[in-house]
Amino acid sequence: MADGWHVLGAGSLGTLWATRLARAGLPVRLILRDETRLSAYNAQAGLTLNEHGQRQTFAIPAQTVSADQPIQRLLVACKAYDAEGAVAAIAHRLTDKADVLLLQNGLGSQDAVAAMLPAARCIFVSSTEGAYRDEDWSAVFAGQGANWLGDAQRGAAPSWLDALQQAGIPHQWTADIRQRLWRKLALNCAINPLTVLHQCRNGELSAHAEEVTALCAELGALLRRAGQPGAAEGLLEQVQQVIAATAANYSSMYQDVAQGRRTEIRYLLGHACATATALDCPVPRLNQLRLRLIEHLSARGLPCD
Ligand code: NAD
Ligand code: KPL
């Protein structure tokens, strides 16, 4: 396992990555939350990927954070609000030159993890692939997409990208991963909260075009103030395209709320509003949207951060 992969979190994206790596014959280990989860996993045949209606199970070995094997390459595949705590629990196992891939959506969690691991190389990933869990230890590959990878220091691409190639995991190294992450954050802020508040599919936001346009104008101004003009370019047009292309879908935040799951609000709208405050950039609509969303979440007993 000197050059192998440890995947923390056997949820939707963790399963999608771990099973494709295993399918390519690459050494993978899962890191599960605790002994209870490990026993439950070990009672199964392995982790299942459901792709194009075909189910394939891979007997990927698993362990908890308390195993003692050193970790050279860690893929952190939990939600943004769990990332810092999860990595803190396993940091003692990282080798001196470990690579830590952070798959979290939004912004904020990656820097918190990187600050905790000054010796590691933290690689931020912006993914537009889609997966969801159909049952425990099984995920459906629901949407083709891309994975943009890069580090905050704008470093060179690591040699192990070949392994992603071998595993058929679409990937692109970028010198400006923050721009990618900010752009996706802006798209999510313009679409997801409104689908929750209006209780609608993405496509039904065409009935709220003025609201979407005004939010995109504020997001664009914020991105430019935050030194991300590239992420602001053509934002409204792309938001409109995404709304049209995903018209029949419910956004990920809509689905989280509908299923009573915690949202990643803090790392999306929360991060946008906090950055605006820090930069003294007026974003009254985004602030109001955040307050409406918080009210909606708290009325349903869901965490507001
Ligand atoms: P998920 O909830 O399906 O999976 C997260 C997994 O991490 C769960 O199994 C959870 O038990 C596990 N976990 C949490 N804390 C842990 C810990 N301390 N130790 C071990 N395991 C732990 O989430 P997901 O949908 O895979 O999303 C992961 C991230 O990827 C999120 O930030 C999400 O926004 C982003 N993302 C998801 C998709 C998608 O289609 N699912 C697409 C793009 C981006
Ligand atoms: O990423 C998305 C999500 O639902 O989280 C899209 C489809 C782009 C909507 O914001």
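Computed from a predicted model, the values in this text were never measured in an experiment.

Cut-offs and rules
- Residues numbered from 1 in each chain as written.
- Chains lettered and ligands numbered in written order.
- Predicted model: local features only at pLDDT ≥ 70, side-chain atom pairs only at ≥ 80, totals over all residues.
- Heavy atoms only, no water.
- Pairing = 2+ DSSP bridges.
- Helix = DSSP H or I, 4+ residues; strand = E, 2+ residues; numbered from the N terminus.
- Axes fitted to C-alpha atoms, helices over the stretch in contact; angles between N-to-C directions.
- Near = heavy atom within 4 Å.
- Polar contact = N/O pair within 3.5 Å; in protein donor to acceptor, adjacent residues only side chain to side chain.
- Areas by Shrake-Rupley, 256 points an atom, 1.4 Å probe, with all protein chains shown as cover.
- Nonpolar A, V, L, I, M, F, W, Y, C, P; charged D, E, K, R; others polar.
- Phe/Tyr/Trp six-rings, centres within 6.5 Å; stacked < 30°, edge-to-face > 60°.
- Buried < 20%, exposed > 50% of the residue type's maximum accessible area, 1.4 Å probe, protein only.
- Lys NZ or Arg CZ within 6 Å of the ring centre and 35° of its normal.

Draft legend 1. Spatial organisation of the sheet that holds strand S4 (residues 54–58). Strand order across the open sheet formed by 4 strands is S4-S3-S10-S9, with mixed pairing between neighbours. Every interior strand has two partners, whereas the edge strands, S4 and strand S9 (130–135), have only one. Neighbouring strand axes in the sheet, compared pairwise and without regard to direction, differ in orientation by 30° on average. By the bridge criterion, 3 bridges tie strand S3 (residues 47–51) to strand S10 (residues 138–143) in an arrangement that is parallel. Across the sheet, Thr-48 pairs through a bridge with Ser-138, a residue of S10.

Draft legend 2. Fine view of the site of ligand 2. Inspection of the region around ligand 2 gives Leu-187, Asn-188, Ile-191, Asn-192, Asn-202, Val-242, Ser-251 and Ser-252 as its neighbouring residues. Here an oxygen atom of ligand 2 and a side-chain polar atom of Asn-188 are 3.0 Å apart. Asn-192 places a polar side-chain atom, nitrogen or oxygen, 2.6 Å from an oxygen atom of ligand 2. When ligand 2 is considered free in solution it has 290 Å² of accessible area, and contact with the protein chains removes 78% of it. In terms of residue count, helix H6 (residues 177–197) provides more of the shell around ligand 2 than any other element does, 4 residues in total. Its residues assigned to classes, the shell around ligand 2 shows 3 nonpolar, 5 polar and no charged.

Draft legend 3. Region of the structure containing the pairing of S10. Relative to S10, S9 runs antiparallel, the two being bridged by 5 bridges. Bridging across to S10, Arg-133 finds its partner in Ala-139.

Draft legend 4. Molecular detail of the packing of aromatic side chains. Scanning the entire structure with this criterion turns up 3 aromatic pairs. Aromatic pair Trp-5 and Trp-160: ring centres 5.5 Å apart, planes at 80°, arrangement edge-to-face. Of this pair, Trp-5 sits in strand S1 (residues 5–8) while Trp-160 sits in the loop between strand S11 (147–151) and helix H5 (161–167); the two residues are 155 residues apart in sequence, bridging distant segments of the chain. A residue is classified by how much of its surface remains accessible, and Trp-5, at 1% relative accessible area, is buried. For Trp-160, a relative accessible area of 7% translates into the label buried. Each ring, one from Tyr-41 and one from Trp-137, has its centre 5.1 Å from the other, and the planes form 65°; the classification is edge-to-face. Taken together, the positions of Tyr-41 in helix H2 (residues 35–42) and Trp-137 in the loop between S9 and S10 put the pair 96 residues apart, joining distant regions of the chain. Taking the relative accessible area as the measure of exposure, Tyr-41 reaches 2% and is therefore buried. Residue Trp-137 is classed as buried on the basis of its relative accessible area of 4%. Lying across the ring of Phe-141, Arg-20 places its NZ or CZ 5.2 Å from the centre. Arg-262 extends its terminal NZ or CZ atom over the ring of Tyr-81, reaching a point 4.2 Å from the ring centre.

Draft legend 5. Structural detail: the site of ligand 1. What surrounds ligand 1 is a group of 25 residues, the closest being Ser-12, Leu-13, Asn-105, Ala-131 and Glu-264. Between an oxygen atom of ligand 1 and a side-chain N or O atom of Arg-33, the distance comes to 3.3 Å. Taking Ala-131, its main chain carries an N or O atom lying 2.9 Å from an oxygen atom of ligand 1. Here ligand 1 loses 84% of its free accessible area of 830 Å² to cover by the protein chains.

Worth remembering: the numbers are spatial, not functional.
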